[in-house]
Amino acid sequence: MELGLSEEQEMLKTSARDFLQKECPKQLVRQLDESDTGYSSELWQKMAKLGWTGLVFPEKYGGSGGSFLDLIVLLEEMGHNILPGPFFSTVVLGGLTVLAAGSEEQKKDILPKIASGDMLLTLALTEPSARYDAPSVKTKAVAGTDGHVINGTKLFIPDANVADYILCVARTKKGKNPEDGITIFLVNAKSPGVKGTLLKTLARDKQCEVVFDNVSVPQSNILGKPDQGWPTVKDTLQKATVAKCAEMVGGAQAALEMAVQYAKDRVQFNRPIGSFQAIQHYCANMVTDVDGARFITYKAAWKVNEGLPSDMDVAIAKAWTSEACGRVTLLAHQIFGAIGFTMDHDIHLYYRRAKAGEIMFGDGDFQRAIVAQELGL
Ligand SMILES: Cc1cc2nc3c(=O)[nH]c(=O)nc-3n(C[C@H](O)[C@H](O)[C@H](O)COP(=O)(O)OP(=O)(O)OC[C@H]3O[C@@H](n4cnc5c(N)ncnc54)[C@H](O)[C@@H]3O)c2cc1C
């Protein structure tokens, strides 16, 4: 059984870790967390030059033809360094959706711009119910003579504050099955009637409320088939869920490394605290959680990469990773004692992101419901 990364993936991992450590120190992470945009355009351009923004797009669209698994490796490192910015929303939520469902014309237009770092995207799916399912899509798009008019409120939309285009998931038809009658629209974020408001979140990530008030969208901006957009949304959600797990695993790994180092360095009662059994058990539990979450995440990612049925694996991965990474960052906090309670220390950056990741794309209970369904219950 071969569970390791390929030579190229190992190289990508190492170079990503080195680059992010150098180019995105925690001081910059904190600055960007407090800024309105939440990202550095200078850093973004450097990442684009390294080929990260085009990693998973075919070469004919300006990408480097990498696989979904390559992207997972990169996202784990981004999570390790808690890189702020719209990479996840642009590449995973936006780019992969366009790649999966866009017309040739749309792909030729959009993907090279994402790859070159010139276009930011996001996906507007969730609404005030904050659920990632079809019945929760209430935003309406009504067909007119020259396209559709969208009305509705989207909530918790990542990076809509900086996105050039928003993929808006709207209901175009009401039927018995809530998964029918959903259409994805490519909306210019500067269109009249689009109003975004930045939310103040616990993780300082940039999530927005986006109101669509009589927003006109031409027919040519429909992504995929009208009324049949849900399978595409589901596919994107599946990829995004496992991608979020990878980011969280990276963050938990970093928290573990920081805590183990501190346990070796911090002396109390004339010995390093790592020599106390209580701390040893904390660390053993942490490494078990991180490794377990990583294996389960990569198993799900591999299945997605291979195009195999993976609903159950993705839900298991997210249910476990959501909670495991929360436990790891909480224990890291505990090991740091009082110093970890201060904002000067970095551990809170990881803890808060683990909390945000836990609920994004569905928390443990949401995912367990999917697992139970897959078990035929
Ligand atoms: C908000 C806040 C309020 C506080 N208020 C008070 C107060 O009113 N009065 C007061 O006296 N103190 C107060 N403290 C300090 C508190 O007593 C210390 O945080 C605590 O004793 C831990 O000390 P430390 O931070 O030096 O951590 P350390 O002693 O370095 O401990 C770090 C980690 O090692 C563990 N550890 C340390 N020694 C052992 C051991 N022998 N066996 C097993 N595990 C061990 C700790 O449990 C912790 O998880 C406060 C701290 C905070 C954060």
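The structure we're discussing is the one just above.
Read on for a plain summary of the structure. Predicted model, so just to flag it, every value in this text is computed and none were measured.

**Topic: the overall build of the chain**
Alright, step 1. A tally of regular secondary structure across the chain gives 11 helices and 10 strands.
Alright, step 2. Computed over C-alpha atoms, the radius of gyration of the chain comes to 21 Å, within 12% of the 21 Å expected from 2.2 N^0.38 for 377 residues, which places it in the range of a compact globule.
Alright, step 3. Along the longest, intermediate and shortest principal axes, the C-alpha atoms of the chain span 80 × 50 × 40 Å.
Alright, step 4. Burial status across the chain gives 53% buried among its 377 residues.
Alright, step 5. Counting only contacts in the chain whose residues sit at least 6 apart along the sequence, the fraction spanning at least 24 positions is 74%.
Alright, step 6. Here the chain displays about 17400 Å² of accessible surface, and carbon together with sulfur accounts for 55% of that area.

**Side note on the pattern of salt bridges**
Alright, step 1. As enumerated under the stated definition, the model contains 26 salt bridges in all.
Alright, step 2. Among the salt bridges present, the one from Lys239 reaches Asp235, with a minimum N-O distance of 3.0 Å. Residue Lys239 and its partner Asp235 are both found in helix H7 (residues 230–265); the two are separated by 4 residues, about one turn of the helix.
Alright, step 3. In this structure, a network of salt bridges that share partners links the residues Lys13, Arg17, Glu76, Glu77, Glu257, Asp291 and Arg294.

**Quick word on the layout of surface pockets**
Alright, step 1. If you add up the space inside the largest pocket, you get close to 530 Å³.
Alright, step 2. Along the wall of the largest pocket there are 21 residues; nearest its centre are Tyr132, Lys234, Asp311, Phe366 and Ile370.
Alright, step 3. Among the elements of the structure, H7, helix H9 (311–336) and helix H11 (364–374) are those that each provide at least two residues to the lining of the largest pocket.
Alright, step 4. Broken down by element, the residue count for the lining of the largest pocket peaks at 6 residues, all from H11.
Alright, step 5. When the residues that make up the lining of the largest pocket are grouped by side-chain class, the tally is 11 nonpolar, 4 polar and 6 charged.
Alright, step 6. One number sums up the size of the second largest pocket: a volume of about 440 Å³.
Alright, step 7. Lining the second largest pocket are 15 residues, and of these Glu2, Leu3, Gly4, Tyr298 and Lys299 sit closest to its centre.

**Some words on the site of the ligand**
Alright, step 1. Arg266, Gln268, Phe269, Ile273, Phe276, Ala278, Ile279, Gln334, Ile335, Gly337, Ala338 and Phe341 make up every residue found near the ligand.
Alright, step 2. In the model, an oxygen atom of the ligand is placed 2.6 Å from a nitrogen or oxygen of the Gln268 side chain.
Alright, step 3. Expressed as a share of its isolated accessible area of 950 Å², the protein-covered part of the ligand is 45%.
Alright, step 4. Mapped by element, the contributors of at least two residues to the shell around the ligand are helix H8 (277–306) and H9.
Alright, step 5. Classifying every residue of the shell around the ligand gives 8 nonpolar, 3 polar and 1 charged.

**Points about a nonpolar patch on the surface**
Alright, step 1. Among the surface-exposed residues, Met1, Leu3 and Phe295 lie close enough to one another that they form a single nonpolar patch of about 440 Å² accessible area.
Alright, step 2. Among the secondary structure elements, Met1 is positioned in the segment before helix H1 (7–23).
Alright, step 3. A residue is classified by how much of its surface remains accessible, and Met1, at 94% relative accessible area, is exposed.

**Thoughts on the packing of aromatic side chains**
Alright, step 1. Summed over all chains, the structure comprises 8 aromatic pairs.
Alright, step 2. With a centroid separation of 6.0 Å and 85 degrees between ring planes, the pair formed by Tyr39 and Trp44 is classed as edge-to-face.
Alright, step 3. Take Trp44: its relative accessible area is 4%, and that puts it in the buried class.
Alright, step 4. Judged by centre distance (5.8 Å) and plane angle (25 degrees), the rings of Phe88 and Phe361 are stacked. Taken together, the residues span a long stretch of sequence, with Phe88 in helix H5 (residues 87–101) and Phe361 in the loop between helix H10 (347–359) and H11 at a distance of 273 residues.
Alright, step 5. A relative accessible area of 7% places Phe361 in the buried class.

**A look at empty space enclosed by the protein**
Alright, step 1. By the definition in use, this model includes 1 cavity of 30 Å³ or more.
Alright, step 2. Of the pockets and cavities examined, the largest cavity occupies roughly 620 Å³.
Alright, step 3. Those elements that place two or more of their residues in the lining of the largest cavity are helix H2 (26–34), helix H3 (41–49), helix H4 (68–80), H5, H7, H9 and H10.
Alright, step 4. Broken down by class, the residue content of the lining of the largest cavity amounts to 24 nonpolar, 9 polar and 8 charged.

**Focus: unusual backbone geometry**
Glycine aside, residues mostly have negative phi angles, and peptide bonds mostly take the trans form.
Alright, step 1. We note that Phe269 has phi near 55 degrees; this positive angle belongs to a residue other than glycine.
Alright, step 2. Relative to the helices and strands, Phe269 is located in the loop between strand E9 (267–268) and strand E10 (271–272).
Alright, step 3. Accessibility expressed as a relative area gives 72% for Phe269, which makes it exposed.

**As for H1**
Alright, step 1. Here H1 contains 17 residues, and its C-alpha end-to-end distance of 24 Å stays within 8% of the 24 Å for a straight helix at 1.5 Å per residue.
Alright, step 2. Buried within H1 are the following residues: Gln9, Leu12, Lys13, Ala16, Phe19, Leu20 and Glu23. Buried residues along H1 cover an arc of 145 degrees about the axis, so they all sit on one side. Along H1, exposed side chains directed more than 90 degrees from the buried face belong to Glu7, Met11 and Lys22.

Procedures and definitions
Residues numbered from 1 in each chain as written. Predicted model: local features only at pLDDT ≥ 70, side-chain atom pairs only at ≥ 80, totals over all residues. Heavy atoms only, no water. Helix = DSSP H or I, 4+ residues; strand = E, 2+ residues; numbered from the N terminus. Rg over C-alpha atoms; globule rule 2.2 N^0.38 Å. Buried < 20%, exposed > 50% of the residue type's maximum accessible area, 1.4 Å probe, protein only. Contact = heavy atoms within 4.5 Å. Areas by Shrake-Rupley, 256 points an atom, 1.4 Å probe, with all protein chains shown as cover. Salt bridge = Lys/Arg side-chain N within 4 Å of Asp/Glu carboxyl O. 1 Å grid on protein atoms, 1.4 Å probe; cavity = no way out; pocket = protein on both sides within 12 Å on 5 of 7 lines; lining within 4 Å. Points joined across faces, edges and corners; volume = space filled by probe spheres on them. Nonpolar A, V, L, I, M, F, W, Y, C, P; charged D, E, K, R; others polar. Near = heavy atom within 4 Å. Polar contact = N/O pair within 3.5 Å; in protein donor to acceptor, adjacent residues only side chain to side chain. Patch = residues over 30% accessible without salt bridge, like charges linked within 9 Å, V, L, I, M, F, W, Y side chains within 5 Å. Phe/Tyr/Trp six-rings, centres within 6.5 Å; stacked < 30°, edge-to-face > 60°. Expected span 1.5 Å × (residues − 1). Arc of directions from axis to C-beta.

Treat this as a map of the structure, not an account of what it does.
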